Structures are given as C-alpha cells and as structure tokens.
Amino acid sequence: MRISLLGPLEVRTDDGASVEVAGARLRALLSALAADGGRVVPAGRLVDAVWGEQPPSTGNALQALVSRLRRAGVVVEAAAVGYRVVADVDVVRFEELVRRRDTSALAEALGLWRGPALADVADNAYFQGTIARLTELRLAAVEEHAEAELRRGGGEELTAELTALLAEHPLRERLAAALMRALCAAGRPAEALTVYERLRKALAEELGTDPSARLSALHTEILRESSVDTQSEARTNLRAGLTSFVGRDADVAQVVKLVAEYRLTTLTGPGGAGKTRLATETARTLLDRTPGDVWFVALAPVADADVAQAVLSALGLREQGQLGLVAGGTAADRAVSVLRDRDVLLVLDNCEHVVDAAAELADRLLGECPRLRILATSREPLAVTGEALWPVAPLALPPEGASVTEAMSCASVRLLADRAAAVRPGFEVAEATVEAVTRICRALDGMPLAVELAAARLRSLTIAQLAARLDDRFRLLNAGSRTAMPQHRTLRAVVDWSWELLSEAERTLLRRLAVFSGGATADAAAAVAKTDDTADPAGRPGRQIASRRVAGERAAVRDAGDDQGLRRRTARRGRRARVRPARPRRVVRAVRRDGRPAPARRRTARLARPARGRPRQPGLGGARQHRRRRRGDGRAARDRRRVVLAAGGAQGRRPGADHGGAGRAG
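What counts and how
- Residues numbered from 1 in each chain as written.
- Predicted model: local features only at pLDDT ≥ 70, side-chain atom pairs only at ≥ 80, totals over all residues.
- Heavy atoms only, no water.
- Pairing = 2+ DSSP bridges.
- Helix = DSSP H or I, 4+ residues; strand = E, 2+ residues; numbered from the N terminus.
- Contact = heavy atoms within 4.5 Å.
- Axes fitted to C-alpha atoms, helices over the stretch in contact; angles between N-to-C directions.
- Salt bridge = Lys/Arg side-chain N within 4 Å of Asp/Glu carboxyl O.
- Buried < 20%, exposed > 50% of the residue type's maximum accessible area, 1.4 Å probe, protein only.
- Polar contact = N/O pair within 3.5 Å; in protein donor to acceptor, adjacent residues only side chain to side chain.
- Expected span 1.5 Å × (residues − 1).
- pLDDT = per-residue confidence, 0-100.
- Core = buried A, V, L, I, M, F, W, Y, C linked by side-chain atoms within 4.5 Å.
- Left-handed = near helix turned anticlockwise from the far one by under 90°.
- Nonpolar A, V, L, I, M, F, W, Y, C, P; charged D, E, K, R; others polar.
- Disulfide = S-S within 2.5 Å.
- Parallel < 35°, antiparallel > 145°, perpendicular 65-115°, else oblique.
- Phe/Tyr/Trp six-rings, centres within 6.5 Å; stacked < 30°, edge-to-face > 60°.

Visitor: Please explain the sheet that holds strand β3 (residues 41-42) as it appears in this structure.
Guide: The strands making up a sheet associate through hydrogen bonds between their backbones, and the pairing can be parallel or antiparallel. In spatial order, the strands read β3-β5-β4; together these 3 strands make up an open sheet with antiparallel pairing. In the strand order of this sheet, the two ends are held by β3 and β4 (76-78), each with one partner. In this sheet, strand β5 (residues 82-85) lies alongside β3 in antiparallel orientation, the contact comprising 2 bridges. Residue pairing across strands places valine 41 opposite tyrosine 83, the latter belonging to β5. Across the sheet, helix α1 (residues 24-35) touches β3, β4 and β5, and the angle it forms with β5 is around 80°.

What follows is the structure, encoded as structure tokens:
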C-alpha cells in the first residue's frame, strides 16, 4: 500500500487501486500515522491529532476510529503504547532522496510533490511543525536543484516554478539568486534586476536590512551586462584522464557510497596500487552527480607546513587579495573561511609523508566546515575520528595456464593489453602471447603502476623478451612517464619512496623479515621481530606493524631492507601461496647483523630448520636411497649447527666457536 501526503491525501493499493478514506477525523488519524514514516505513534499523540483540545468523552473512541481504518483496507498494527501503519509513504522516500543530494535524486524528490504538504489537515495545529519542516526541505531541494541545472547550462525551464515559490517566500535570498540566474540564462536580465529590487525593498521594510554580499555581487554583475553563465564558473581543477580507466568500476561505486555516508574517506594501499587514479575517477563521478565543487590537492611535493597553503593554491586563492578576507591569520584559518559555507569535495592526494599535518588540517576543516567532505589517498590511514577506509587492492590476476578468455576476464591483463596496444600498435592477447602476458601480470602481483611500466618496455622488447627479463625487474622497469611524479617513474623509485617514509625501528623490523621468502604470517613475523601483533617499534599509536607491514603482503617483505642484492634474490621467488623458510646461510648473515640478545636470535635460527621428513626420491631405492638420505641429514645438521654457533658468536660468547664449529661440520 502507498500513502501520499505531499499534496492531498491519497491512498492506493499495490496494484494502483484507489482506497477511499472518508471523514475528516479518519483522514487526520491516517495522516498522523503516515507522517511518522511507519514508526509507532503513541495513543496520546493520535488523540491530539484527531480531536485537538477537545478529547473524546468515551475511552474507546480511538480504537473505534482505528477499526474504521482497517475496514477501509489500511493495515494498522497495534503496539504496547500506540499504533503504526504498514505502508510506503512518500514523505519517507522524499527525505531519503534529499539526503543523497545528487542532481537526479533531487529531481526525483521534487517530482513527488503534488501540492502543499498535508493539504487535508493544513489547518490542524498538530501538523504545523511537520508541514513547516517538509516545506523547508522542499525549498532547499528546489534551490540546490536549480543551481545544479544552471551549472550544467540549463535552468531556463525553471523560471516559472522559481517565480511561484519566491512569491510564496519573498525573503529567501538563495531562491531569489537562483531565479535571477535562471532569468539571465533565458535572456531576460531586466526581469532579473526587477527580482533583486523587489527583494531589496521587502528586506528593508520587514527586517530593516540589505541583501547579502553574494546577492549584491550578482546584481552588480548583471548591471555591468556580464553574462551570468554558470558554466564558466570553475567547479573543479580535475584534469581530464589521458588513458582509459580499467578494472576499477566496482571500486568507484563503493567509494562513491562511502563519500556520501562519511565526511572523511581514505583510500589506502601500497605505492603503485592506483589510489590516485581511483580517487580522481570517484571525484569526477561525484562532480557529475552532485551540485558541489570538487578540488584536487596534490600533496606529494609539499612539506608539513605547506599543507594548508596547498589547499588554498588548489582553490586558486593563493594571494591574500583574492580571498577577500581580513589580513592576518594562518593558511589554515583562511582555508576555513573559504570553505565554511560551501559544498565542496576536497581530494587530498599522497598524504603519507605529511600524514600528521594532513590529519590535523582535515580534522579542523571537517569540524568547522559542515558542508565539506574529504577524500584522501595515503599509504596509511589519517587516523581521524569518523574516517572511513577503503583498501585499494591489486588488480585481479589470471590463473597459471589461463586461456585467452580467462586471461582477458582479469583486470590486470586488460590493463596490460590496453597500455601495450598504445606503444606497440596491433598488440593483442592471443594464443601466442597469453602465456607471457599471464606470467608478467602474476610476477608483478597485479600492481597497476608496475603493469604500466612493463607495458612501456614493449616499445623495444617483445612480450616474450619482457617476460623472460622480469627476474631483474628493478633494472628493467625504469622507463615511466617523464611527467609523472618522481616516485612513480620507476619501480625502484616506488620502493625507495616507501622505504624513506619508515622510521629506523620499522626498517630494522623489515630487515629481520627479509629472512622469509614469499611473505610471512603474523605469528612468524612476531617470532622473528620479538613483538606482538599490535606493537609499533616507532611508538606511534594506531600503526599495527604486524598487520600493516607483514601479514600476507609479499611485496612489503620482498622490497624491504637496504641490501639490494637480497631484495632482488627474494623478488625472484614468485610463490605467494605459502611461507618457505630461508636457507640457513641467509639466516646466518641476518643474525650476525642483528643486535638482539642471543635467545631471540636462536629463535630466528630455529625458524630456518628444514622439515625432518623427506619424500622418497624417485629412481633411488634400497641402499642407495639410505646413503643419500644419510648424507642429506648430515648436511642439515651441519647447517643447523652453523646457525646456532653464529648466533652465539655475535654476542661475544665462545670466541672462535663460529669458525671452529663450521670447520668441524665441514
């Protein structure tokens, strides 16, 4: 059942048949139940709505009226303290659409109105508050929708509706401004000036005041015969995309929902995961759907003290004179003054190296600018109250041995094919190339930046040559865009940028984790690092090292450490599915460099011990198998002794035991 209150009361069944509700009291009762949107309405309030200051003399008058509603076909449920109606109410739908605030939703919301709200009970004192609230919501929606249409270059068709509404509410300046702009867009500037003059007189006579500075500026602009072309007003500084957007449409839809629900949303992920591109595509989508502005702030080249100034620069308000503000105050103060009364989405890109300053500025702007929303990108969260997080994952990978169809269903392959076709015309994923393409995407873990760097090498290499040379990927993937940010031009630059952001304690932790090949579980990492899964060696709250740096993130472990040879050797081990212990020699080098006590280093050494059981080797049996197994066990025992002795020697115990023990084992 559907109940409409935005106009004369109307009740229809699900199949569209009209339901007759006769009698003023019966209509007042149904209006009171429906206006609360299906919630339970106490019996006392229902009595006030129906009988006002003259309550009924009989105690069951309300129950009798409810019974009449039920006989008419309306579903009314009884509760402990009152009643509720079971139906779809247009008031509820209207409020939901208005909260979304995008252009299409506002148009749909305004289309629900058929006349004045609650027209059947407009004289009833009980409903005056509800009528005033719904009327104000409608006017605000009309103003926002008109401004959005004018920005798109339309709005001429709104002049009649805006004129009628301004006649009903002659003191609303925002409504008058929308009508003046609509009239100018329709080529009627003289009428726009008349609207301003009527409003000026009404304000002076009734309130003794003048129009606002914004409306006066619009009036001056029209007097100077400047076209009020709202499309020429810059709403964004987003650059047009130079390449196609591949594989993230579902992510864009989810981030749009987060931005609508939360005022601060942060996209997190490792370098090269595509955070900036996802943020710009999300912002471009919101620019088309909402009436507000979108401004992109690139923080990569700025320092902590310049974050607020970067925001002002992005808004085009670097000079104090452009702000129209009183001289003095910090850049953050000026940013607050500019954004306080504006509908703006601010995109703060690359916050990781200025995360503290960015978090402080975001917290202040959101607290003092109620219509502002922020979409940030960072390699770690801003850790501001109310922040929503969206981890940006790598693109989907094709399975080993994938067919052409299976490979092209994966976003990483589609991205490589798209970028490769740009530098090598005619390139396509076919039976002859699918194996090499699959190997490249899997070797690069589906990281968009790495895939694009690999595609750029196809100017001079074939796809098979590229796949064969990926063992030395840091040297190979060094031909990025000349206009890209420095940390995005090569794969090594991406890793170095992340490394430089780490504290010394975090670097020490990653050096210890370098004993693992292919990643580490949280328990194994904690055993090596001698830390629990919430400890932070740097002492910074909220940064969980085991989860953020370790668990399941092969790339973080593979690229860690300042030993580039070790990084390259570890990178060549391409298996993600399991954690394999490193060879004892590597552990020996690690524990010798480690400054921990001997018991901790012995725990590290024990992680490298090989499994005791060995599968039967094919082709060997009987005595030969037995001799081969004994030799293998002897080598394993020697390696274990070498690790333990090395750990003891690093602490100054038993000088010479390392060399002596190793010599006896050899």
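Visitor: Mind showing me how you'd approach the pattern of salt bridges here?
Guide: Where side chains of opposite charge bring their charged atoms close, a pairing between them can arise. Evaluated as defined, the whole model comprises 26 salt bridges. In this structure, aspartate 251 engages arginine 248 in a salt bridge whose closest nitrogen and oxygen atoms are separated by 3.4 Å. On the basis of relative accessibility, which here comes to 6%, the residue arginine 248 falls in the buried class. A salt bridge links glutamate 452 to arginine 419; the shortest N-O distance between them is 3.0 Å. Here the residue glutamate 452 occupies a position in helix α20 (residues 448-456), and arginine 419 occupies one in helix α18 (residues 411-423), the gap between them amounting to 33 residues.

Visitor: What is the right way to read the environment of alanine 61 from this model?
Guide: By the element assignment, alanine 61 lies in helix α3 (residues 61-71). Owing to a relative accessible area of 16%, alanine 61 belongs among the buried residues under this scheme. Residues within four places of alanine 61 in sequence aside, it is in contact with Trp51 and Pro56.

Visitor: Any chance you could explain the sheet that holds strand β7 (residues 264-268) here in plain terms?
Guide: Strand order across the open sheet formed by 5 strands is β8-β9-β10-β7-β11, with parallel pairing between neighbours. Looking at the sheet topology across the chains shown, the edges are occupied by β8 (293-298) and β11 (387-391). Recorded for the sheet is a direction-independent mean angle of 20° between the axes of neighbouring strands. Relative to strand β9 (residues 344-349), β8 runs parallel, the two sharing 6 bridges. Its bridge partner being in β9, aspartate 293 is matched across the sheet by valine 344.

Visitor: Please clarify how the environment of leucine 9 should be interpreted in this entry.
Guide: Inspection of the secondary structure puts leucine 9 in the loop between β1 (2-4) and β2 (10-12). A C-alpha to C-alpha distance of 9.6 Å links leucine 9 and alanine 28, two positions 19 residues apart in sequence. For leucine 9, the contacting residues outside a window of four places in its chain are Ile3, Ser4, Arg27, Leu30, Ser31 and Asp120.

Visitor: Got a minute to help me understand the environment of aspartate 14 in this structure?
Guide: Considering the arrangement of structural elements, one finds aspartate 14 in the loop between β2 and α1. For the pair formed by aspartate 14 and alanine 87, sequence separation is 73 residues and the distance between their alpha carbons is 9.6 Å. Other than its neighbours up to four places away in sequence, aspartate 14 contacts Met1 and Arg2. Here the side chain of aspartate 14 touches methionine 1 through a polar contact of 2.6 Å, landing on its backbone nitrogen.

Visitor: I keep staring at helix α8 (residues 173-185) and nothing clicks. Help me out?
Guide: In an α-helix, one full turn covers 3.6 residues, which means residues spaced three or four apart are oriented alike. In this model, α8 (13 residues) spans 18 Å end to end at C-alpha, consistent with the 18 Å of a helix rising 1.5 Å per residue. Within α8, the full set of buried residues consists of Leu175, Ala176, Ala177, Ala178, Leu179, Met180, Ala182, Leu183 and Cys184. With its phi angle positive at about 80°, glycine 187 sits one or two positions after the end of α8.

Visitor: Looking at this structure, how should I read the confidence of the model for the chain?
Guide: Residues shown with low pLDDT carry predicted positions that ought not to be read at fine detail. When pLDDT is averaged along the chain, the result is 77; 72% of the residues meet or exceed 70. In the predicted structure, residues 318-327 sits below a pLDDT of 50 and forms 15 contacts with residues beyond four places in sequence or in another chain. Here residues 607-621 is a poorly scored stretch, pLDDT under 50, and it has 23 contacts once near neighbours within four places are set aside; other chains count.

Visitor: How should the nonpolar core be read in this particular structure?
Guide: In globular proteins that are soluble, nonpolar side chains generally tend to be buried together. In terms of nonpolar packing, the biggest core is built from 72 residues, with Leu5, Leu29, Leu30, Leu33, Leu69 and Leu162 touching the most fellow members. The dominant element in this core, judged by the number of residues it contributes, is α8, at 9 residues. Ignoring any residue separated from it by four or fewer positions in sequence, one finds leucine 5 in contact with Ser31, Ala34, Ala35, Val89, Asp90, Val91, Arg114, Pro116, Ala117 and Leu118.

Visitor: Before we go on, may I ask you to explain the pairing of β5 in this structure?
Guide: Walk down a regular strand and you will see the side chains alternate between the two sheet faces. Relative to β5, β4 runs antiparallel, the two sharing 3 bridges. Opposite glutamate 77, over in β5, you have arginine 84 as the bridge partner. Here β4 folds back onto β5, and the loop between the two strands holds 3 residues.

Visitor: How do you make sense of the packing of helix α6 (residues 128-151) against helix α7 (residues 159-168) when you look at a structure like this?
Guide: Taken N-terminus to C-terminus, the directions of α6 and α7 make an angle of 145°; their axes are 12 Å apart at the nearest point. By crossing handedness, the relation of α6 to α7 is classed as left-handed. Counted together, Arg138, Leu139, Val142 and Ala146 of α6 and Glu161, Leu162 and Leu165 of α7 form the full contact between these two elements. In terms of residue class, the contact of α6 with α7 is built from 5 nonpolar, no polar and 2 charged.

Visitor: Just to check I follow, could you spell out the state of the cysteines for this structure?
Guide: Enumeration according to the criterion identifies 0 disulfides in this entry. Lacking any disulfide linkage, cysteine 410 is separated from the closest cysteine sulfur, that of cysteine 441, by 8.3 Å. On the basis of relative accessible area, cysteine 410 is assigned to the buried category, the value being 8%. Its relative accessible area of 0% is what places cysteine 441 among the buried residues.

Visitor: Help me understand the packing of α1 against α3, please; the structure alone is not making it clear to me.
Guide: Two packed helices can be described by the angle between their axes and the distance between those axes. Where α1 meets α3, the axes come as close as 10 Å, and the angle between the chain directions of the two elements is 85°. On the basis of their axis angle, the class for α1 and α3 is roughly perpendicular. In this structure, α1 uses Arg25, Leu26, Leu29, Leu30 and Leu33 to contact α3, whose residues at the interface are Leu62, Leu65, Val66, Arg68 and Leu69. Of the residues belonging to the contact of α1 with α3, the class tally is 8 nonpolar, no polar and 2 charged.

Visitor: Quick question: what am I supposed to make of the packing of aromatic side chains here?
Guide: For any pair of aromatic rings, the description consists of the separation of the ring centres together with the inter-plane angle of the planes. In total, this model carries 2 aromatic pairs according to the counting rule given. Residues phenylalanine 94 and tryptophan 113 carry aromatic rings whose centres are separated by 5.5 Å and whose planes lie at 80° to one another, so their mutual orientation is edge-to-face. Taken together, the positions of phenylalanine 94 in helix α4 (residues 90-100) and tryptophan 113 in the loop between α5 (103-111) and α6 put the pair 19 residues apart, joining distant regions of the chain. In this structure, phenylalanine 94 and tryptophan 113 share a single accessibility class: buried. Measuring from ring centre to ring centre gives 5.0 Å for tyrosine 126 and phenylalanine 127, while their planes differ by 85°; the resulting arrangement is edge-to-face.

Visitor: Help me out: how do you make sense of unusual backbone geometry in this one?
Guide: For residues that are not glycine, phi is negative in most cases, and the peptide bond is trans in most cases. In this structure, leucine 118 takes a positive phi of about 50° despite not being glycine. Note that leucine 118 resides in the loop between α5 and α6. With a phi close to 60°, alanine 383 is a non-glycine residue in the positive phi region. We classify alanine 383 as exposed; its relative accessible area is 66%.

Visitor: What exactly am I supposed to notice about the pairing of β7 here?
Guide: Among the 5 residues that make up β7, 5 are buried, leaving the element largely enclosed by the rest of the structure. Burial along β7 is two-sided: the face carrying Leu264, Thr266 and Thr268 and the face carrying Thr265 and Leu267 are both buried. Relative to β11, β7 is paired through 5 bridges, and the arrangement is parallel. Residue pairing in the sheet places threonine 268 in a bridge with proline 391 of β11.

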